[in-house]
Structure formats: C-alpha cells, structure tokens
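Summary of the model geometry
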Amino acid sequence: MSAVNDTTDAVEALNETGYKYGFVTDIEADTAPKGLNEDIVRFISAKKGEPEWLLEWRLKAYRLWERQQDEEPGWAKVSYPPIDYQDAYYYSAPKSVDRPKSLDEVDPELLATYEKLGIPLHEQEMLAGVAVDAVFDSVSVATTFKEELEKAGVLFCSISEAVEKYPELVRRYLGSVVPYSDNFYATLNSAVFTDGSFVYVPEGVRCPMELSTYFRINAANTGQFERTLIIADAGSYVSYLEGCTAPMRDEHQLHAAVVELVALDDAEIKYSTVQNWYPGDEEGRGGIYNFVTKRGACRGIRSKISWTQVETGSAITWKYPSCILQGDHSVGEFYSIAITNNRQQADTGTKMLHVGRNTRSTIISKGISAGRAQSTYRGLVRMQGKAGNARNFTQCDSLLIGDRCGAHTVPYIEVKNRSAKVEHEATTSKISDDQMMYCRQRGMSAEEAVALIVNGFCKEVLQELPMEFAVEAQKLVGLSLEGSVG
Amino acid sequence: MRVQDMSRRITAEFPFVERFDEVAAGLPGAGLHWLDALRRDSLDAFNRVALPSTRVEAWKYTNLKDFAKTPFDIAVSGEGDPSVDLDGAGAGGPDAEHRLVFLNGRFDAGRSRAGSVREGLTVLSLGEALRRQAQVVRPHIERLSPLEDEALLALNTAFMMDGCVVVVDDGATVDRPIELIFASDTRSPTSAHPRNLVVAGAGSRVALTETHVGIGPSEYWSNPVTEVVVAAGASVVHRKVQRESPRAYHLANTRVTLAERGTYRAFLMSVGAGLSRCEIEARLEGEGADCRLDGIYLARDRQHTDITTRIVHAEPGGSSRQLFKGVLDGRSHGVFQGQISVSPDAQRPDGHQLNKTLLLSNEAEIDTKPDLEIYADDVKSSHGAAAGQLDELESFYLRSRGLDAEEARQVLIRAFIAEVVEAVEDEPFRNHLNASIDGWLSHEAAARETGT
Amino acid sequence: MLEIRNLHARVDERAVLKGIDLTIARGEIHAVMGPNGSGKSTLAYVLAGREGYEVTEGTVHYQGTDLLDLSVEERAREGIFLAFQYPVEIPGVAGTTFLRTAVNALRKHRGEKELDAMQFVKFVREKQAELNISDDMLRRPVNVGFSGGEKKRNEILQMALLEPKFAMLDETDSGLDIDALKTVADGINALRDPARSMLVITHYQRLLDYIVPDRVHVLAHGRIVKSGGKELALELEKEGYGALAGAEAA
C-alpha cells in the first residue's frame, strides 16, 4: 500500500499548498543544460539508466531530427513564430515534492477558473476507483492502485519503469505504431522523451478500473515530451483517461507527446483526453504549443480503438489521433470537441486508415470558435484497395461565436475500393439569436445560455466520455467560452 | 515563401518555353508594349515558380511529373487537316448565335460562323480584340496576371495565342448561346494556350457553350484560361464539355468575379483527356451575388480527372451551390477538391456543396477534399461527400423486373447522375449531355463485354 | 402590476408600435387581439426585452420599476414570462437540463439553493402529469422534433415551473387541435392566481372561450383601437377586424 499512500500524500500536499494548475511548484529540478545535442540525448538516457538499444534508438531519432531542421510541418492552419529548440531544457526531474511558493504569484483570474472547475485530483481515487499516475514534469512520481491492477495482471507504470521491468514488451512495441521517423515532432519526442505511461493488459483481461494520468507542465522552459504506450492483448479491454493542465506563463511552452496504442484480436482500447493546458491570455501571450502525435493500431481482427477528446486549452493545438484499421472487422472511432477562444488556434482531426476488410470508422467532430480564435478540422479517411466493405461516416460541425473568429473544415477522402462506402457531412453555423432570446427569457445569463447551447451542440461527443470526465468536460465547455459573448 | 523548396516543384523543359522570344513575336498583340512586358513578366514568373509537385497542397492528388517530361512545343499555325468537319463537334446545338472555332489554339475563321449583328453584343477573337479594342481587354488580362504560385496561369499569359472576347453591354440580353469550339489536331506534342474573356455588363444576360475536342494522333496539351466578369445584376450561363482525346492533357482555369446581385451558372462535363484538371474560382464580390456550379465527371481506363473549385464569399448575403457527381471505371482516378471560403465581412452567406462518386471497378480511385474556410460568424454552410458502389439491392430489384445485369447497371448509373443533368435548363445542351453519357455508357458496356 | 404609456417601438428601422397605452392590474387577465401584422408579437417581444426591438418613445413600469432598463434575463428573473409563438429548438439539450438551468437561474437570483438533478425531477413530476408531458418528452432535446401541441404544452410546463408574476402567451392556441387546445388552456387556468397577471395574445376568439379574460384590447396598426370586456371578443368574431382596422386607417 505504500505506493498508494505516497500518491495520496503527494496529491494532498499539492492541494493543501494551493496548487491549482496555475502554480509553479518549486522543485529543485535536476536539470540538464539548455539546448539539444547528442550529449543531451545521452544525458537523458544515462540519467534513466536505459539499455543500449534504447539509447541507439534515441540517437537515430535525434540524428534524423537534426537533418530535418527545415521540415517542421507547415501545412496546418496555425501560425506562430519559429521555435528556438536550442533555447529550452530537455530534462528536469523533481527530486522531491517540496514547498511551493506563495499564492500571490498566481493570477487570481486563473485560480478562480480552476476553483470553479474544481478538477478533483485527490478525489479521483474516491471517484470510481481511478488509478492516478501523476506525471510531474517529466518523471512519474507516484502510482496508485498498483496492487489491484497487479492482481488482474494489468501492468500500469511509468514508461521508464517499464523499460526497466518489461524491456521485451517495450522493445517490441515502442515505435511500432509511431516510428521515430514519423514526423518532425514525433522524431523530436523519440530522441528526448523523458517519461509517460505504460499499460499492458494481458489476454482476456478486462481492466478493473479506468486508468488515469494527469500531465502537468511545470518547470519553466521545459518542453514536455511524454511517451505513452498502451497494449491491449487479445480479448482485453482498457479505458484510459488523460487530463492535462499547465501553469500559466508568459512564454510559450512546447508539448510534443507521442501516444501509441496497440489492440490485438478482439481487444478494445478507449482513450479519453480532456486537455486544458494554459491557452495564453486574451492577447495571445503565453500558452502551450501542443504538438502531439497519437495513433492506434487495430492489429487484430475485431479490435477496436476509440479516441475521445475535449480540447479546450493550449495556445496552439496540432493533433490528429488516428487509427490504422489493419485487422478485418476492426473499428476506429474519433469523437472530438475543440473549443478555441481569444487567440487560440487549433488544427485537429484524425486519420482513419482502412486496411482490412469490413473495417468501420466513425468520426464526430465539433469545433467551436470564439474571440479571435481559429479552429480547423483536418481529417483523412483512406480506404485502401483491400478494404472491402469498409465503411466510414464523418460528421463535422462548426459553431461560430462572434465575428472575428474562423472555423475551417478540411477533410481528405481517398477511396481505392469500390465496395467501401464513405459519407462525409459538414456544417458551419452560429448560435441563433432566437436560441439566445429563448434561453435568456427563461432567466439564464448570456453566458449560461451559451454554455447550455454549446453543451447541447457537443452532446454526441460528451456522451462518449466516462462519467467522471463528462461532468468536468461540461463545466470546461462553459468556462472556456467565458467572455465570448456580451 | 517556400519557393526555394524544390521538392514542391517540378522543373519542365518545354521547348516552346525555351524559344519564347521567337514564339512571342508571332503571337497576337505582339508589339503592344504593355502586352510584351506582361508576357515577359509572366514567363519569368513561370520559370521562378515552376510546375507544382504533389507536395503543393492544391496539387496533392494530381501529379504532373509525367506531363512535365513531354516535349511540348507550341502549335504551328495552319497545322491540322483542313478537311476535318467540326460542325457537329459543338455542344451548343443548332441555334447557337455565334460559333467561334479555335484549331490548335488559333482562331479558325473558315470554320467559324458569325451570327447576326446585335445591339449591345461584341464577339471577337482575342487577336482581333487586341487590334481593335486593346483598351477593353487590357485591364482584365493584367488583373489575372500577378497571381502568385499559379504556374499554368502564368504560362498562359506568357503564351496566350488566341481566344474569344465577348462583351455584353449594360442591359443587353443575348438570348441564344455563343458557341466556342476548341479543337486540337496535331502530329507532334504541342500545346495551346487559349485566353477567353467574357464581360457581362450591368443587368445583361448571356450564355456560352464551350466544347473541347481532339482529333489528331499525337499527345497535346490544352491550357485554356477563361475570365468571366459578371457586373451588377448580370446573369451569365457558362457550359463546358471537355471531351478531349485520350492523349490530351487538359489543364483549364476559369476565373469568375460577380458584382452585387450578379448570377453565374456553370455546368461542367469532364469526360475526355488522359489527364485533366478543370479549376474554377468564383469570387462573390458584391452583395447578394449568386453562384451555382454543377458538374459530371466520367472516367475509365487510366484517365485522371480533377475538378477543383473555389468559391469565395467576399461580401455579405451571397449564395452558392455546388453539385458534382462522378462515375469512375477501370483504373481511373478522380479528384474533387471544392472549397467554400467566407471572408470576415461576408455575413449571412449561404454556401452548399455536395460531391458524390460511384466507383465501378476495384482499381478506380476517388480522392475528394471538400473544404470549408469560414471567417464570418453568421454563416449557413455545408458540404457533403460520399463514395461507394452501385447498390446491389437496387440492381437485384431491377433484374427481378426483367432487366439484364448490364441494363440494370446502366439504369442505376444514369439514375445516379440524373440529378445533375436534369437541373440543366437548356434543352439542346441537355440532349447533348445525354447523348455523351449514352456514348460513354455503351463504350463502357462494350469494354466490359470484351473484358478489356 | 404593469403600466405601459405611449409606447413606440421599431424593428429593422420600421415603426411597429405607435403609441400603446395599457394598464394591467395584479391578478388580471388581458387579451390582445388583432389582425396579422398589427404588432401583437412585437408588443410581447418589446416587453420581454428582445434585442433589435428598439423602444423609441414611451415608458413601461413593472411593479413600480422601469422595465425598459432591464436586460432580457433580468426581466425573466423579476417574473416576466413569454410563452413563444414559435418555441425555439435547441439541439442536444435535454428538456430537463434546460428546465433545471432556467429554474436554478431564478432560484439563484432569489437567493435560494439550486436544485440538484434528483430534487429537480421530483419538483417537475407533479406539474408534468397535469400537462400530460411524458418523461420521454423531457429527455428529448428542447422542442426538437416536437409536434405543435407538444411545443405549446412544453411552454406551459415552463411557465408552471418558473412561476412568473406576469406571463405573456403569444398565440399559444395557434396550430393546436381542439383536444390540445383544451389541455393547454386547462394548464393556463390552473396557473390563474390573484398574484399573477397575464397577457394573452391571440388572433382568434376560440382560446378565450377557455381562458376568460377580464379585458380585451384590439390592436391595429400599432395602436390599441378598442378596449372592452370579454364580450368584445365575441363581437370581433362576428364582425371581423375589417371595420376596426379600416376605421383606424381612415
């Protein structure tokens, strides 16, 4: 039980000392020098006591990344000044959870927001027996419910621990869905990832609880490069929840994570994200650059991967959780809500690659833009030549609030099999004056009305979220649109 | 910005481009100082940007690599068999007002037929227009030219040979269609760069029917650019049938601007050419402008057919409708890219788009990218896209009523595209379309029977 | 309760109300009748505070305060309710969620504790039965796919839950068959209260057979051209609006 107590203590310590997301926890970070070069990669690997093969893999990634310096993706509908990759720290490990600085340093506005949100970090254990693997900056500090999971045979730990304890599994699957050469940010992540979660659900096991990880970006100028690997063996099931928050800062911070999912025969993975990284202020100062590669492989027949995301934070979101539907009869799902307000930019969507026969995919995307924000849905549906009888249905709806924002829909549909069927529908609209009048006549404020109408607009996605997340997400929807009307 | 990135470019070494000075001297308007300079600038622009590779977003699905290797020259005046009869080639039907025939990109006076002289209507070849009314043509030609990143448009400007200039005065109504026929008949790989201009004055009405055909044995490249200016309250109907020979590259650009309450109705049938791309951009620049683009694409064998549209709602209250349907057989490759873009001040626009494709074979491929780019909040806009095969149940139903498999198949294919054809108001043109579709279907059926 | 003096209002630059005078005392039911386009719905929207309905002249006092100073939701929280002629669809928002948000907005305003989901279900249940509203109807998104009768019953349910002091019923009878009309009228009559005033807007006399008004006013060309007791409605039914409207125009 000591692991559980440790986590509880750690989490409670955070709460008692007033950590409310917007707080810079004062941890004596064991930090690598600024900048990125081969030595830093070696430093990270050595610090974590990694085996030779992993160091070699990191170095291959680093060398490729170095050659690709000019190939940072430019196709997304987002704009930002060039990132100086040499002006950041790539490793910072907390030695201990230590005294935080005073509350005075925190923007009261932000604190009030989190107060209203009341994301129940310490309550999570009580709620429905959620296991928390809190990623503190880059290194996992605690894991709970280990015993119960172990009893079921589920392996849930930090990826560093997995490298140490289950090297064969990690070696076999790491990079097998998102190869180190996949894209600029994935390559960077492969070279410098510091921690993240690892899950292995053995054959026939239904994971007894929702697995949950809270990521937070903490140290100033530290990019967060987590790497998550989830393997669901034949006939197993797991639901994984990821919540993200970050303290506010004036400068932009880079978050380039990689998530790999593997589902074998008849296995199912449900991956849910509620992302409210710091979005920057009203003028677009500060905020997270969230450049994330998430992909799942439905390797086995009748396997299923379902992505649900509620993206309300980050200054820029660049994210396309995807499914490779290799196994016959496999199923991919993508349910997304992306809310952008003020100067936020989001370019997000999915790729559904139908390889096997009778594969099915569903895409439901709800984009909401307010303020001066720009929100883009970008999605690819590809029916390969062998994907007989494959089916896709896509529905993309955009809602605009205010006249200075933008909403864009860019679907790519590629069909190489005549028995495959693809349907795509998209709409863009605004909240009607009639709807606002109706709600306000019933006593709701303009903001309550917007929150209500937007929650209704997002309903098909919200109902895909696990209970604990759904409530939080609904509140987030309202909060992230504050100030967008009136 | 990324001009330096050569992976985004295909360098072509077309002989006629190398011989620009020599060729330009023989092109219409040679000696007009502004035009000579414009041609020169456009050539420089083409050399600078080069042809787009599939790394360029707008060309993601249409690969010009093989095209760029073809040693195209420019068509020589007078080439082509004078005995070839082009009378029946046009889609305009017997009651066309004027018929202008362009052979290998040059005006063919012998095959053309001038209609009656009409109040308020001027129809000239570009060469003639540059001689007689250069001041009318100049602002339009100059306006289209400085566009960035438009290699084919730049090349057209540098080498525009001839084309049709139609000017309709304010308030004039031209009740019978003007017919344009672009024919190619060459013995070696040649290129033609027609440039057309249609200016419809305030409150005027005009219809055009444009047909592209090819006869000769050689590969050729048709690179037409058509500019349509729809003034306030004017109405333009623009029909186009692309049935070039299978050895053709047809890379066409249509640019339309609409002033307030202007309407533009376009119908496109793309059935010919080995590789074709018909690009239409319509800018709704006045309040209450209305644009409708419909089309059909049919392809088989190794044909590649690309329809790329972009509708820009730049002013409030405009409406646009697009409906494109395609049928793909053999190893053909269809591309539909349709963008609806709404500018920040263009409130209350109403933009809708639908694209559906029927795949008849397992080797055919459709890539479709319906794209909404919205910067205004009071918007009603939607798009849809679907791809699939003939419905087996429907086919079964028809066969149970006595149709054989092939008949059932043809009935269902026709039913699939009927929605688009039936929206065509002009009867002669609709008949022409139906005949073309019949021809395509029977060829398709025959090919199926012989197993090719 | 409500005192309207010389009220002028315009919509989209067009003058619609051209000097309305109307006083409604506590507990009274007034009916406003009139031909299409006479300004009946505009009057309701102006009193409810809809944006885009611009008051150019005149005053409205409600329980002694200047009503025109308040926003839409402030008026609602002060007890003004409008049953819409065309109730608005809100996709994805379940009826109960909508009602609970509205009820809690009012409770918050009155300094009462907000109801949680369970308490709310109990609170709604009895009113629901009276208006023949099924649980299923409340689970469905607000007004989406509702029949005409369902929409109107839903409006009256909202009125019953929000317990307004001054309720306006804008053509609540339109599009209803006789059975639905009766259900709706029963619902409204059940809400008659010495402390509650109502303004019933209708084109036809039919509704007033069920909801008997204290006063009837005829609106034409943006003015009240005639007022009287409940018998005026019957008179109108016989004579039509023609004579009155024509008299005004001449």
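Residues numbered from 1 in each chain as written. Chains lettered and ligands numbered in written order. Predicted model: local features only at pLDDT ≥ 70, side-chain atom pairs only at ≥ 80, totals over all residues. Heavy atoms only, no water.

**Notes on the overall build of chain B**
Counting secondary structure elements, chain B contains 10 helices and 24 strands. Taking 2.2 N^0.38 as the reference for a compact globule, 452 residues should give roughly 22 Å; the C-alpha atoms of chain B span a radius of gyration of 21 Å, in line with that estimate. Expressed as lengths along the three principal axes of its C-alpha atoms, the size of chain B is roughly 70 × 55 × 55 Å. The burial tally for chain B puts 62% of its 452 residues in the buried class. Contacts spanning at least 24 positions in sequence make up 85% of the contacts within chain B whose residues lie at least 6 apart. Of note, chain B has its 50 positive side-chain charges centred 1 Å away from the centre of its 68 negative side-chain charges. (Helix = DSSP H or I, 4+ residues; strand = E, 2+ residues; numbered from the N terminus. Rg over C-alpha atoms; globule rule 2.2 N^0.38 Å. Buried < 20%, exposed > 50% of the residue type's maximum accessible area, 1.4 Å probe, protein only. Contact = heavy atoms within 4.5 Å. Lys, Arg positive; Asp, Glu negative; His and termini not counted. Charge placed at Lys NZ, Arg CZ, Asp CG, Glu CD.)

**Section: the overall build of chain C**
Tallying secondary structure elements over chain C gives 10 helices and 10 strands in all. Its C-alpha atoms give chain C a radius of gyration of 18 Å, within 12% of the compact-globule value 18 Å for 250 residues. Referenced to the eigenvectors of the C-alpha coordinate spread, the extents of chain C come out at roughly 60 × 40 × 35 Å. Every one of the 250 residues in chain C was classed for burial, and the buried ones make up 52%. Counting contacts in chain C only where the partners sit at least 6 residues apart, residues at least 24 apart contribute 67% of the total. As presented, chain C carries roughly 11000 Å² of accessible surface, and 47% of it is formed by carbon and sulfur atoms. Between the centroid of the 32 positive side chains of chain C and the centroid of its 38 negative side chains there is a distance of 3 Å. (Areas by Shrake-Rupley, 256 points an atom, 1.4 Å probe, with all protein chains shown as cover.)

**With respect to unusual backbone geometry**
All names here are of chain B. The backbone phi angle of N104 is positive, close to 50 degrees, even though this residue is not glycine. Locating N104 in the fold gives a position in the loop between β4 (98-103) and β5 (106-107). Taking the relative accessible area as the measure of exposure, N104 reaches 3% and is therefore buried. Of note in the backbone geometry, R261 takes a positive phi value of approximately 60 degrees without being a glycine. As for its placement among the helices and strands, R261 is situated in the loop between β15 (248-258) and β16 (263-270).

**Some points on the pairing of strand β8 (residues 178-184) of chain B**
Residue and element names in this part refer to chain B. Counting buried positions over the seven residues of β8 gives seven, a clear majority of the element. The alternating pattern of β8 places I178, L180, F182 and S184 and E179, I181 and A183 on opposite faces, both of which are buried. Pairing between β4 and β8: six bridges, direction parallel. Across the sheet, the residue bridging to V101 is I181, located in β8. With seven bridges joining them, β8 and strand β11 (residues 205-214) adopt parallel strand pairing. (Pairing = 2+ DSSP bridges.)

**Digging into the pattern of salt bridges**
Under the defined criterion, the tally for this structure stands at 64 salt bridges over all chains. Between D350 of chain B and R321 of chain B there is a salt bridge, with the nearest N and O atoms lying 3.8 Å from each other. Placement of the pair is D350 of chain B in strand β22 (residues 350-359) and R321 of chain B in strand β20 (residues 319-328), with a sequence separation of 29 residues. Residue D350 of chain B is classed as buried on the basis of its relative accessible area, which comes to 18%. Accessibility expressed as a relative area gives 35% for R321 of chain B, which makes it partly exposed. Beyond isolated ion pairs, a larger network of salt bridges with shared partners links K77 of chain A together with E150, R255, R277, E279, E281, D306, R310 and E373 of chain B. (Salt bridge = Lys/Arg side-chain N within 4 Å of Asp/Glu carboxyl O.)

**Things to note about the nonpolar core**
Within the largest apolar cluster, 112 residues are counted, with the highest numbers of intra-cluster contacts made by I368 and V454 of chain A together with L2 and L47 of chain C. Counting residues per element, this core draws most heavily on helix α10 (residues 446-457) of chain A, at seven residues. The contact partners of I368 of chain A, leaving out residues within four places of it in the chain, are I337, A338, I339, T340, L399, I401, V454, F457, C458 and L481 of chain A. In this structure, V415 and A420 of chain A together with V228 and Y264 of chain B belong to the second largest nonpolar core, which totals 92 residues. (Core = buried A, V, L, I, M, F, W, Y, C linked by side-chain atoms within 4.5 Å.)

**A word on the interface of chain A and chain B**
Each partner contributes to the interface: chain A provides 32 residues, whereas chain B provides 36 residues. Both sides together, the interface formed by chain A and chain B hides about 2700 Å², and carbon and sulfur atoms give 45% of it. Where chain A packs against chain B, one counts two salt bridges. E373 of chain B serves as the salt-bridge partner of K77 of chain A, at 2.7 Å between the closest nitrogen and oxygen. Here chain A is connected to chain B by 10 residue pairs in polar contact (both at pLDDT 80 or more). Looking at the side of chain A that touches chain B, the elements with two or more residues in it are β23 (406-415) and β24 (421-430) of chain A. (Buried area = accessible area lost by both parts, 1.4 Å probe. Polar contact = N/O pair within 3.5 Å; in protein donor to acceptor, adjacent residues only side chain to side chain.)

**A look at the interface of chain C and chain A**
In this assembly, 33 residues from chain C lie in contact with 19 residues from chain A. For the pair chain C and chain A, the two sides together bury roughly 2200 Å², of which 60% comes from carbon and sulfur. Contact with chain A buries area across many residues of chain C, yet R50, E73 and V88 of chain C alone supply 23% of it, more than any other trio. Summed over the shared surface of chain C and chain A, the result is six salt bridges. A salt bridge links E155 of chain C to R442 of chain A, with the nearest nitrogen and oxygen atoms 2.7 Å apart. Counting the contacts that link chain C with chain A gives 14 residue pairs in polar contact (both at pLDDT 80 or more). Where the side of chain C that touches chain A is concerned, the elements lending two or more residues are α1 (40-48), α2 (72-77), β6 (80-83), α3 (95-109) and α6 (148-162) of chain C. Sort the elements by how many residues they give to the side of chain C that touches chain A and α3 of chain C lands first, with seven residues. Tallied by class, the residues present in the side of chain C that touches chain A amount to 20 nonpolar, six polar and seven charged. (Nonpolar A, V, L, I, M, F, W, Y, C, P; charged D, E, K, R; others polar.)

**Side note on the packing of aromatic side chains**
For the coordinates displayed, the defined rule picks out 39 aromatic pairs over all chains. A centroid spacing of 5.8 Å and a plane angle of 80 degrees characterise the contact between F267 of chain B and F429 of chain B, whose relative ring orientation is edge-to-face. Pair noted here: F267 of chain B is in strand β16 and F429 of chain B is in helix α10 (residues 427-450), with a separation of 162 residues, a long-range link. F267 of chain B gets classed as buried once you look at its relative accessible area, which sits at 6%. Take F429 of chain B: its relative accessible area is 0%, and that puts it in the buried class. Site record: aromatic cluster; members linked through ring pairs are Y62, W65, Y80, Y85, F184, Y185, Y289, F291, W318 and Y320 of chain A. Lying over the aromatic face of F457 of chain A, K366 of chain A brings its terminal NZ or CZ to 5.0 Å of the ring centre. One cation-aromatic arrangement involves K325 of chain B over F416 of chain B; the distance from NZ or CZ to the ring centre is 4.7 Å. (Phe/Tyr/Trp six-rings, centres within 6.5 Å; stacked < 30°, edge-to-face > 60°. Lys NZ or Arg CZ within 6 Å of the ring centre and 35° of its normal.)

**Overview of helix α4 (residues 117-130) of chain C**
Two residues of an α-helix separated by three or four positions point the same way, owing to the 3.6 residues in each turn. Residues and elements named next belong to chain C. With 14 residues, α4 extends 21 Å from end C-alpha to end C-alpha; this agrees with the ideal 20 Å at 1.5 Å per step. Where α4 bends most, the angle comes to about 30 degrees, and this point is V124. Capping of α4 at its N-terminal end is provided by D116; its side-chain oxygen lies 3.0 Å from the backbone amide nitrogen of M118. (Expected span 1.5 Å × (residues − 1). Bend = angle between axes of the 7 residues up to and from the residue.)

**Points about the domain arrangement of chain B**
Assigned domains within chain B: domain 1 (6-286) and domain 2 (391-452). Summarising the inter-unit geometry, the C-alpha centres of domain 1 of chain B and domain 2 of chain B are found 32 Å apart. (Domains from an automatic or database assignment.)

**Focus on a negative patch on the surface**
A surface patch of like charges, here negative, comprises D403 of chain A together with E260, E287, E315 and D345 of chain B. Of note, E315 of chain B is situated in the loop between β19 (304-313) and β20. (Patch = residues over 30% accessible without salt bridge, like charges linked within 9 Å, V, L, I, M, F, W, Y side chains within 5 Å.)

**Notes on the packing of helix α9 (residues 433-441) of chain A against α10 of chain A**
All names here are of chain A. Running from N to C, α9 and α10 point in directions that differ by 120 degrees, and their axes come no closer than 9 Å. As summarised for this structure, α9 and α10 are arranged oblique, according to the angle between their axes. For the pair α9 and α10, the sense of crossing is right-handed. For the pair formed by α9 and α10, the contact residues are Q435, M436, C439 and R440 on the first element and A446, A449, V450, L452 and I453 on the second. Within the contact of α9 with α10, the residues separate by chemical class into seven nonpolar, one polar and one charged. (Axes fitted to C-alpha atoms, helices over the stretch in contact; angles between N-to-C directions. Parallel < 35°, antiparallel > 145°, perpendicular 65-115°, else oblique. Left-handed = near helix turned anticlockwise from the far one by under 90°.)

**Some points on the sheet that holds strand β8 (residues 197-202) of chain C**
Residue and element names in this part refer to chain C. Strand order in the open sheet formed by six strands is β6-β7-β8-β3-β9-β10, and the pairing between neighbours is mixed. Both edges of this open sheet fall to β6 and β10 (223-228), since each of them pairs with a single strand only. Mean inter-strand twist for the sheet, computed between neighbouring axes without regard to direction, equals 20 degrees. Of the pairings in the sheet, the one linking strand β3 (residues 29-33) to strand β9 (residues 215-220) comprises four bridges and is parallel in character. If you follow V32 over to β9, its bridge partner there is H217. In the packing of α6 onto the sheet, the strands contacted are β6, β7 (166-170) and β8, and the crossing angle to β6 comes to about 170 degrees.

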